[in-house]
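# Summary of the model geometry
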Amino acid sequence: MESNEAVAPEQSREFTEVVGLFDSLDKLQSAIDDLMTHGFDRSEISLLAEDEKAREKVGSKLSTEIEDSAEAPRMSYVESESLNEGKASLIGLLFYVGAIAGAIAVWTIYGSFAEAIFAGVAAGTGASLIGVGVIKFIQRRQRSWVQAQLARGGLLLWARTRTAELERAALDAMEHNGGHDVHVHRVAAPA
């Protein structure tokens, strides 16, 4: 029984985070870049989740009404470089798989090396086009996320702070990059 009491205070720890509201994706990205150059890790930066999930949790409340709410669903920040690498990898992988499959199929049926190469290139190109379609779908979802957040009153950004120095750095980064209603608030850490 004593061991449960010893664990309980750690489960109710609080931490601080800085929250800001942005009126454009460029300003939001600039603030995130600034945060990362001042010692913040991606895991300490979060954004409001996609609109469908946000509506499930907080309804159609404005961003200013949910910025300090523990119920506001969040998603982790993913760097645009990581997204670009993923997109390039997807297209490359689909081209490779399509090319190999097409070449092997033609080689086994016709036994012609030249036809196999041509079929491989054609199949790889076709498979790559599927990847381009997937990327276009992802880009539409990103645009939809931005539009939904702006309709809610702005793009929310949270940065978890471990020290007073990082707290000041987050406040400065958000304010200098066009953040509105930038402030610090306390959050209870999840059990």
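Shown above is the structure to which this text applies.
An account of the accompanying structure is given in this report. Note that the structure is predicted; figures quoted are calculated from it, not measured. (Residues numbered from 1 in each chain as written. Predicted model: local features only at pLDDT ≥ 70, side-chain atom pairs only at ≥ 80, totals over all residues. Heavy atoms only, no water.)

## A look at the pattern of salt bridges
Taken as a whole and judged by the stated rule, the model has four salt bridges. Arg74 serves as the salt-bridge partner of Glu17, at 2.6 Å between the closest nitrogen and oxygen. With Glu17 in strand β1 (residues 14-22) and Arg74 in strand β3 (residues 74-76), this residue pair connects regions lying 57 residues apart in the sequence. Of the residues examined, Glu17 reaches a relative accessible area of 3% and is grouped as buried. As a salt-bridge pair, Arg162 and Glu44 come within 1.8 Å of each other at their nearest N and O atoms. Highlighted residues: Arg162 in the loop between β4 (155-161) and α7 (164-176) and Glu44 in the loop between α2 (25-37) and β2 (45-48), separated in sequence by 118 residues. (Salt bridge = Lys/Arg side-chain N within 4 Å of Asp/Glu carboxyl O. Helix = DSSP H or I, 4+ residues; strand = E, 2+ residues; numbered from the N terminus. Buried < 20%, exposed > 50% of the residue type's maximum accessible area, 1.4 Å probe, protein only.)

## Some points on the sheet that holds β2
With antiparallel pairing, the five strands of this open sheet are ordered in space as β3-β2-β4-β1-β5. Edge positions in the open sheet fall to β3 and β5 (180-188), since each of these has one partner strand only. If you compare each strand with its neighbour and ignore which way they point, the axes differ by 30 degrees on average. Seen against the sheet, α2 touches β1, β2 and β4 and runs at an angle of roughly 10 degrees to β4. Docked against the sheet, α7 engages β1, β4 and β5, running at close to 10 degrees with respect to β1. (Pairing = 2+ DSSP bridges. Axes fitted to C-alpha atoms, helices over the stretch in contact; angles between N-to-C directions. Contact = heavy atoms within 4.5 Å.)

From the geometry alone we can't say anything about function, so treat these as descriptive.
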